[in-house]
Amino acid sequence: MVLRSGSYLSTISNRIASTNARARFFGMCVGEGLSALSDNNTKKLDFHMDEMETEEAQWLKGLTKVSDPIGPVESLLSNLPPPQPTKPRPQRAQKPQPKREQKHKPVVSELAPKAIIEEIDSSDDDDDHLPTAAKVTDDEDSDDDPTLVQRNKPKPPVYVRDLIMFLRDSESYDKQKLGVQTAPALIRRKANYGTEVSSHAEELARLLVGLQDKFEIENFEDLRLQGMVALVISQPKAMAPWFARTFFEGDYSLSQRTSVLVTLGLSARELAGLDISEYKSSSSFPSKRLPENIEQLYLEPRTSTSQLSSSNLKPLPPNAIDNIAQSLTSTFLAPLAAEAADANTGPDALKLQTFSARYKSKSRSKPRMRVIPNTTAAILGTYFFFPLTAHFQFALRSSRPVVLNPSMLALYLQTLGIVVNAAGPSTLSLPQLTSELWDLLLRVRVHVLGDLGALKGWLVAMSVLLEVNEDNMRRICEEQGREVVESREWVSSVFERTRGDDGGEENDVKMLAAGVLIKLGEAIEKYQALLMGDLLGSN
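Because the structure is predicted, anything quoted here is derived from the model rather than measured.

(A) Fine view of helix 2 (residues 21–38). The terminal C-alpha atoms of helix 2, which comprises 18 residues, lie 27 Å apart, in line with the 26 Å expected from a rise of 1.5 Å per residue. Restricting attention to buried positions, one finds in helix 2 the residues Ala23, Phe25, Gly27, Met28, Cys29, Gly31, Glu32, Gly33 and Ser35. The elements touched by buried residues of helix 2 are helix 1 (6–16) and helix 3 (55–61). Where helix 2 begins, the capping side chain belongs to Asn20, and its oxygen is found 2.9 Å from the backbone nitrogen of Arg22.

Now the structure itself:
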């Protein structure tokens, strides 16, 4: 009955699954020893391990067969001492001492063997000069309640399954904190070893997207975001479409949907090599690296990493997409601002006092466009851009799509621009990307009017589209001439309606509109014959 009880089976299972070798050894010895008492040779438990054949294991398992009968009780109840195997030691002669009051009378159990007891009087004259020890009290530790001390604190998870359990336990502060702190590095470390991440990627993603900061953990949002980015970096072909679908179909709040878009934007830039995560170096196994002092002897200094901005190596703020969009538009407007500062009579569109003041210090030469491998560019186009646009087209058919919220729409358009910029001009599917994004921008024009944030997102996406296709404007004018002319007319009306002289977001919108107008105007003027032929042919 004992061997078939649940407590016995769980005890043996816990021992066998223990990471402590000694505990596991004792568990197997108990299991085999007790199983030999009730089961026959065919059903008897046998682990078939060399450890169970050692002399110590045989001795432990043999304890079940040891016969230890109970002896007679008369010897314990008798007043006579039992026979001693050895000759008792002779009693030493003691000096006669004066009788003194006995404070503590020694108690001798009748059940114990009687022996010679020598009582030492602690009140001898020789010890009278010793000081009396002060009474020790626990007043200093009276405030420390041992019941409040947590002695079984959880350790950081080392497996993805343990990480999932930590994130699920929303009632434990220690597990939630360790879960979000360990997730970015653990996911990256396990990405290329086995199938831990690929098998649990979607479950991890659902937990991270829906995770709530119940305990006000420090840097909670950034850690949660970095965990989602690590998932996309580890499994881009599976998780990028999943996040794109979740943004449109998941039952999440606006802040959670915002984190989904930020995850896609940051992941696209990291895959393209534009950003370096602080968790990339910590995700490698220590056994695969040399000690730091020896590593410096063999590795050349990484100039490209040292030249990166500090924002790429620190935790990203919640408005990371806005910061990236600001950087992209600065690159787009810098050459135009330099030309406007040099010209005494520049275009009317650039005669803004704050325009040249902000970008006058920028470089006059436009930075060279980065070229990344076609494999990475194909991943960004197939698994990042097209799922986002496909779900958007489907969402517009519903009654009240969440993507048409002005703040969501602005972030969505900026994310598309960031993905296109990360893919770069070497993308084989760039013509398809350009055509689909241009059509989408013209379709959402009516939804961005009246909101400066959404309008700015529209202009950011258009400026990125023009910058990436700088060497392909002839093809665009030939294939999408009507869209080019229509876009210029609409941006011109936006520029005229926007004041922009009070600074702030209105000024940013007016500057972006001016830059887009100049770029489209140059293309129309240069390829006017192609555009006229396209327009006449369509009529």
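(B) Region of interest: unusual backbone geometry. Of note, Glu216 is a non-glycine position whose phi angle comes to about 55°, a positive value. Relative to the helices and strands, Glu216 resides in the loop between helix 7 (196–209) and helix 8 (220–234). Residue Glu216 is classed as exposed on the basis of its relative accessible area, which comes to 71%. With a phi angle near 55°, Asn219 is a residue other than glycine that sits in the positive phi range. If you trace the backbone, Asn219 turns up in the loop between helix 7 and helix 8. A relative accessible area of 48% places Asn219 in the partly exposed class.

(C) How the structure looks around the pattern of salt bridges. With the rule as written, the count across this model stands at twelve salt bridges. Arg188 serves as the salt-bridge partner of Glu270, at 2.9 Å between the closest nitrogen and oxygen. Placement of Glu270 in helix 10 (residues 254–271) and of Arg188 in helix 6 (residues 173–190) is noted, with a sequence separation of 82 residues between them. Grouping residues by exposure puts Glu270 and Arg188 together as buried. Among the salt bridges present, the one from Glu486 reaches Arg445, with a minimum N-O distance of 2.8 Å.

Cut-offs applied
Residues numbered from 1 in each chain as written. Predicted model: local features only at pLDDT ≥ 70, side-chain atom pairs only at ≥ 80, totals over all residues. Heavy atoms only, no water. Helix = DSSP H or I, 4+ residues; strand = E, 2+ residues; numbered from the N terminus. Expected span 1.5 Å × (residues − 1). Buried < 20%, exposed > 50% of the residue type's maximum accessible area, 1.4 Å probe, protein only. Contact = heavy atoms within 4.5 Å. Polar contact = N/O pair within 3.5 Å; in protein donor to acceptor, adjacent residues only side chain to side chain. Salt bridge = Lys/Arg side-chain N within 4 Å of Asp/Glu carboxyl O.

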